[in-house]
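Topology and contacts: notes
Listed below are the residues making up each chain.
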Amino acid sequence: MVKNMSNYKFNPIYPQNSWKNIFETNKPILDKVWNAIEEKDQKLLGMFPIYPESEKVYRAFTLCDLDNIQVVILGQDCYHGEGQANGLCFSVDNGITTPPSLRNIMTEMSDDGFKRTNSDFSDLAKKGVLFLNSALTVLEKQPESHIKFWIEFTDNIIKTISKKRENIVFILWGNYAIDKQKLIDSNKHYIITGKHPSPLSANRGGFFGGKYFSRTNTYLESIGKQSIDWSG
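Residues numbered from 1 in each chain as written. Predicted model: local features only at pLDDT ≥ 70, side-chain atom pairs only at ≥ 80, totals over all residues. Heavy atoms only, no water.

A short note on the packing of helix α2 (residues 27–43) against helix α6 (residues 147–164)
Running from amino to carboxyl end, α2 crosses α6 at an angle of 155°, the nearest separation of the two axes being 8 Å. When the axis of α2 is compared with that of α6, the two are roughly antiparallel. Our pair here, α2 against α6, has a crossing hand that is left-handed. The segment α2 lies against α6, with Ile29, Leu30, Lys32, Val33, Trp34, Ala36, Ile37 and Lys40 engaging Phe149, Trp150, Glu152, Phe153 and Asn156. Residues that form the contact of α2 with α6 fall into these classes: nine nonpolar, one polar and three charged. (Axes fitted to C-alpha atoms, helices over the stretch in contact; angles between N-to-C directions. Helix = DSSP H or I, 4+ residues; strand = E, 2+ residues; numbered from the N terminus. Parallel < 35°, antiparallel > 145°, perpendicular 65-115°, else oblique. Left-handed = near helix turned anticlockwise from the far one by under 90°. Contact = heavy atoms within 4.5 Å. Nonpolar A, V, L, I, M, F, W, Y, C, P; charged D, E, K, R; others polar.)

As structure tokens, this is what we get:
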């Protein structure tokens, strides 16, 4: 076997909160995921970095406990540029150039009454927003390079949330995310859809003006929950 040259940690520590049992239940799937990623890395001689850093792979779950989820925003793939992926879909750390999709999301937030300049969504994750990508890792400059490995696990996460929780707002942008409606019990949860925030899609209409964030708050307030301050 070719020696792994990437020095990547292929089995990050599970979140130590109410997700822990879910992760342990899915351990056979996660073992298969990491074996596949490691095998691909070895075949490529470790030439392509894997993003995000291993300690950030499960960051969305660490910051947003299963029992505290109010909203799920679903993305497809991690950012595949150096320093971009931080474990939360659509989010990048402050100081990193804002990707176009994220820029459009922040514009929509501001237009919806929530002025936001902070490109890192960690504060929102702590308020109960799960920023879930379908793929939790990616190879540098190779979009969707790991997505087939992760889909079974992340689909299980969506189904688990749908089953174990009630009155969660699911925000689904773009055809890929919208297709995940089949995993969500619409009788128990509130689903908001729109076009993808990428410039190619958003500039054609159907994303801007969707008022996803105020609509989320209106629903949360209607069922007696606290609204989310999306600004920051």
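Examining the sheet that holds strand β6 (residues 190–194)
Spatially, the four strands line up as an open sheet ordered β3-β2-β5-β6, and their pairing is parallel. Of all strands in the sheet, those with a lone pairing partner are β3 (129–133) and β6, marking the two edges. For this sheet, the mean angle separating the axes of adjacent strands, direction not counted, is 20°. One ladder, built from five bridges, connects strand β5 (residues 169–173) with β6; its direction is parallel. Directly across from Leu172, in β6, lies its bridge partner Thr193. This element, α6, spans β2 (71–75), β3 and β5 of the sheet and lies at about 150° to β3. (Pairing = 2+ DSSP bridges.)

Topic: the confidence of the model for the protein chain
Note that predicted coordinates carrying low pLDDT should not be read in detail. The predicted model of the protein chain has a mean per-residue pLDDT of 95, with 98% of residues at 70 or higher. This stretch, residues 1–5, has a pLDDT under 50; its non-local contacts, to residues over four places away or in other chains, come to eight contacts. (pLDDT = per-residue confidence, 0-100.)

Here we look at unusual backbone geometry
As a rule of thumb, non-glycine residues mostly have phi less than zero, and peptide bonds are mostly trans rather than cis. The step from Tyr51 to Pro52 runs through a cis peptide bond, and the omega angle for that step is -5°. Relative to the helices and strands, Pro52 is located in the loop between β1 (50–51) and α3 (59–63). Residues other than glycine seldom take positive phi values, yet Phe90 does so here, at roughly 70°. With respect to the helices and strands, the residue Phe90 is situated in the loop between β2 and α4 (100–111). Assessed through its relative accessible area of 9%, Phe90 is described here as buried. A positive phi angle is found at Lys141, which is not glycine, with a value near 60°. Looking at the secondary structure, you find Lys141 in the loop between β4 (138–139) and α6. In this structure Lys141 comes out as exposed when scored by relative accessible area, which is 66%. (Buried < 20%, exposed > 50% of the residue type's maximum accessible area, 1.4 Å probe, protein only.)

A closer look at the packing of aromatic side chains
Overall, the coordinates contain 22 aromatic pairs when judged by the stated rule. Where Trp173 meets Phe207, the ring centres are 5.5 Å apart and the plane angle is 75°; that geometry is what we call edge-to-face. Of this pair, Trp173 sits in strand β5 while Phe207 sits in the loop between α8 (199–202) and α9 (212–222), and the two are 34 residues apart along the sequence. The pair formed by Trp173 and Phe207 is uniform in burial state, with each residue classed as buried. Between Trp173 and Phe213 the ring centres are 6.3 Å apart and the planes differ by 70°, which places this aromatic pair in the edge-to-face class. A residue pair is termed long-range when its members are at least 10 positions apart, and Trp173 in strand β5 and Phe213 in helix α9 qualify at 40 residues. For the pair shown, Trp173 and Phe213 are each scored as buried. (Phe/Tyr/Trp six-rings, centres within 6.5 Å; stacked < 30°, edge-to-face > 60°.)

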